[in-house]
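# Examining the three-dimensional arrangement
Single-letter residue listing:
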Amino acid sequence: VAENADLAKINDRFRSTWGADFTIPGQIVMTRGVANLPYEAQVKIMVAVMQFADFTEDNDPYGDHSFGLFTTEGERLFWKIDYYDSAYRYGSENPRDLARTGRVLTILLASEY
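Below, the structure is looked at part by part. (Residues numbered from 1 in each chain as written. Predicted model: local features only at pLDDT ≥ 70, side-chain atom pairs only at ≥ 80, totals over all residues. Heavy atoms only, no water.)

### Overview of the pattern of salt bridges
Here the structure, examined in full by the defined rule, presents six salt bridges. The partner of Lys44 in a salt bridge is Glu73, and the shortest N-O contact between them spans 3.0 Å. Taken as a pair, Lys44 in helix α3 (residues 39-51) and Glu73 in the loop between β2 (67-72) and β3 (75-85) lie far apart in primary sequence, 29 residues in all. Owing to a relative accessible area of 45%, Lys44 belongs among the partly exposed residues under this scheme. (Salt bridge = Lys/Arg side-chain N within 4 Å of Asp/Glu carboxyl O. Helix = DSSP H or I, 4+ residues; strand = E, 2+ residues; numbered from the N terminus. Buried < 20%, exposed > 50% of the residue type's maximum accessible area, 1.4 Å probe, protein only.)

See below:
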(Lines give C-alpha, C1' and ligand atoms only; values in the text may rest on other atoms or scores of the structure.)
Protein backbone atom coordinates (compact mmCIF):
# COMPACT_ATOMS: atom_id res chain seq x y z
CA VAL A 1 0.00 0.00 0.00
CA ALA A 2 2.80 2.44 0.86
CA GLU A 3 4.29 2.03 -2.62
CA ASN A 4 1.02 3.32 -4.09
CA ALA A 5 1.02 6.57 -2.09
CA ASP A 6 2.35 8.55 -5.07
CA LEU A 7 -0.27 6.95 -7.33
CA ALA A 8 -2.96 7.90 -4.80
CA LYS A 9 -1.77 11.52 -4.88
CA ILE A 10 -2.00 11.60 -8.68
CA ASN A 11 -5.46 10.01 -8.65
CA ASP A 12 -6.66 12.37 -5.93
CA ARG A 13 -5.41 15.39 -7.87
CA PHE A 14 -7.09 14.20 -11.09
CA ARG A 15 -10.37 13.41 -9.34
CA SER A 16 -10.52 16.44 -7.02
CA THR A 17 -9.88 18.88 -9.88
CA TRP A 18 -12.42 17.10 -12.07
CA GLY A 19 -9.74 16.69 -14.71
CA ALA A 20 -8.91 20.41 -14.80
CA ASP A 21 -5.29 19.74 -13.80
CA PHE A 22 -3.99 19.32 -17.34
CA THR A 23 -0.70 17.87 -16.10
CA ILE A 24 -2.67 14.65 -15.55
CA PRO A 25 -4.19 13.46 -18.84
CA GLY A 26 -7.59 11.90 -18.56
CA GLN A 27 -11.28 11.77 -19.27
CA ILE A 28 -14.36 11.66 -17.07
CA VAL A 29 -17.35 9.64 -18.21
CA MET A 30 -20.66 8.61 -16.73
CA THR A 31 -23.00 5.77 -17.50
CA ARG A 32 -26.41 6.28 -19.05
CA GLY A 33 -28.03 5.82 -15.65
CA VAL A 34 -26.08 8.76 -14.20
CA ALA A 35 -26.57 10.84 -17.37
CA ASN A 36 -30.35 10.31 -17.10
CA LEU A 37 -30.50 11.80 -13.60
CA PRO A 38 -31.63 15.42 -13.22
CA TYR A 39 -28.93 18.05 -13.70
CA GLU A 40 -29.05 19.06 -10.02
CA ALA A 41 -28.38 15.44 -8.98
CA GLN A 42 -25.47 15.24 -11.44
CA VAL A 43 -23.92 18.35 -9.89
CA LYS A 44 -24.21 16.84 -6.39
CA ILE A 45 -22.64 13.62 -7.68
CA MET A 46 -19.77 15.56 -9.26
CA VAL A 47 -19.09 17.37 -5.98
CA ALA A 48 -19.30 14.09 -4.03
CA VAL A 49 -16.74 12.48 -6.35
CA MET A 50 -14.40 15.49 -6.14
CA GLN A 51 -14.61 15.62 -2.34
CA PHE A 52 -14.53 11.86 -1.71
CA ALA A 53 -12.12 11.00 1.11
CA ASP A 54 -13.66 7.92 2.72
CA PHE A 55 -10.91 5.49 1.74
CA THR A 56 -10.71 2.31 3.79
CA GLU A 57 -8.93 -1.01 3.52
CA ASP A 58 -12.18 -2.47 2.18
CA ASN A 59 -12.71 -0.01 -0.67
CA ASP A 60 -9.05 0.84 -1.33
CA PRO A 61 -7.06 -2.36 -0.70
CA TYR A 62 -4.12 -1.21 -2.87
CA GLY A 63 -3.96 2.30 -1.43
CA ASP A 64 -4.10 3.92 -4.87
CA HIS A 65 -7.40 5.82 -4.44
CA SER A 66 -8.79 4.45 -7.71
CA PHE A 67 -12.28 3.55 -6.45
CA GLY A 68 -15.03 5.06 -4.34
CA LEU A 69 -18.53 4.14 -3.22
CA PHE A 70 -20.97 6.77 -1.97
CA THR A 71 -24.64 7.69 -1.67
CA THR A 72 -26.17 10.99 -2.72
CA GLU A 73 -29.68 12.02 -3.72
CA GLY A 74 -30.84 8.61 -2.52
CA GLU A 75 -28.68 6.89 -5.14
CA ARG A 76 -25.80 4.53 -4.38
CA LEU A 77 -22.94 5.19 -6.81
CA PHE A 78 -19.42 4.06 -7.65
CA TRP A 79 -16.58 5.90 -9.26
CA LYS A 80 -13.45 4.21 -10.54
CA ILE A 81 -10.26 5.20 -12.29
CA ASP A 82 -8.78 2.99 -14.99
CA TYR A 83 -5.35 3.47 -16.56
CA TYR A 84 -4.77 3.40 -20.32
CA ASP A 85 -1.91 4.10 -22.68
CA SER A 86 -1.87 7.64 -24.07
CA ALA A 87 -4.00 6.55 -27.07
CA TYR A 88 -6.63 5.00 -24.75
CA ARG A 89 -6.37 1.64 -26.52
CA TYR A 90 -4.52 -0.57 -24.06
CA GLY A 91 -3.85 -0.67 -20.36
CA SER A 92 -1.04 1.51 -19.05
CA GLU A 93 2.17 -0.28 -18.18
CA ASN A 94 2.98 2.33 -15.53
CA PRO A 95 0.11 4.51 -14.21
CA ARG A 96 2.65 6.78 -12.49
CA ASP A 97 4.09 7.80 -15.89
CA LEU A 98 1.92 10.80 -16.76
CA ALA A 99 3.48 11.14 -20.23
CA ARG A 100 2.29 7.65 -21.19
CA THR A 101 -0.89 7.20 -19.18
CA GLY A 102 -4.41 8.51 -19.64
CA ARG A 103 -6.88 8.08 -16.84
CA VAL A 104 -10.57 7.40 -17.29
CA LEU A 105 -12.74 8.19 -14.30
CA THR A 106 -16.10 6.44 -14.69
CA ILE A 107 -19.14 7.28 -12.54
CA LEU A 108 -21.92 4.70 -12.38
CA LEU A 109 -24.98 3.78 -10.40
CA ALA A 110 -24.36 0.77 -8.19
CA SER A 111 -27.35 -0.89 -9.87
CA GLU A 112 -25.51 -0.67 -13.21
CA TYR A 113 -22.50 -2.63 -12.00
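### Describing the side chain of Asp85
Within the secondary structure layout, Asp85 lies in strand β3. Buried within the structure, Asp85 lacks any salt-bridge partner; its nearest side chain of opposite charge belongs to Arg89, at an N-O separation of 5.7 Å. Looking at Asp85, its side chain comes within polar contact range of the main-chain nitrogen of Tyr88, at 2.8 Å. Here Asp85 is in contact with Tyr90, Gly91, Ser92, Arg100 and Gly102, once residues within four sequence places are set aside. (Lys, Arg positive; Asp, Glu negative; His and termini not counted. Polar contact = N/O pair within 3.5 Å; in protein donor to acceptor, adjacent residues only side chain to side chain. Contact = heavy atoms within 4.5 Å.)

### Regarding the nonpolar core
Counting 19 residues, the largest nonpolar core has Ile45, Val49, Phe70, Leu77, Trp79, Leu105 and Ile107 as the members making the most contacts within it. At the level of elements, α1 (5-16), α3, β3 and β4 (101-109) are the ones that each hand at least two residues to this core. The greatest single-element share of this core, amounting to four residues, is contributed by β3. Those residues in contact with Ile107 that lie beyond four places of it in its chain are Trp18, Ile28, Val29, Met30, Thr31, Val34, Ile45, Val49, Leu77, Phe78 and Trp79. (Core = buried A, V, L, I, M, F, W, Y, C linked by side-chain atoms within 4.5 Å.)

### What about α3?
When the terminal C-alpha atoms of α3 are compared, their 18 Å separation across 13 residues agrees well with the 18 Å that a helix rising 1.5 Å per residue should span. Within the span of α3, buried status applies to Ala41, Ile45 and Val49. Buried positions in α3, seen along its axis, are confined to an arc of 75° and lie on one side of it. For α3, exposure combined with an orientation more than 90 degrees from the buried face picks out Tyr39, Glu40 and Gln51. Tucked inside the fold, the buried residues of α3 contact α1, α2 (32-35), β2, β3 and β4. (Expected span 1.5 Å × (residues − 1). Arc of directions from axis to C-beta.)

### Focus on the environment of Gly102
Checked against the element boundaries, Gly102 lands in strand β4. Beyond its immediate sequence surroundings of up to four residues, Gly102 is in contact with Pro25, Asp82, Tyr83, Tyr84, Asp85 and Tyr88.

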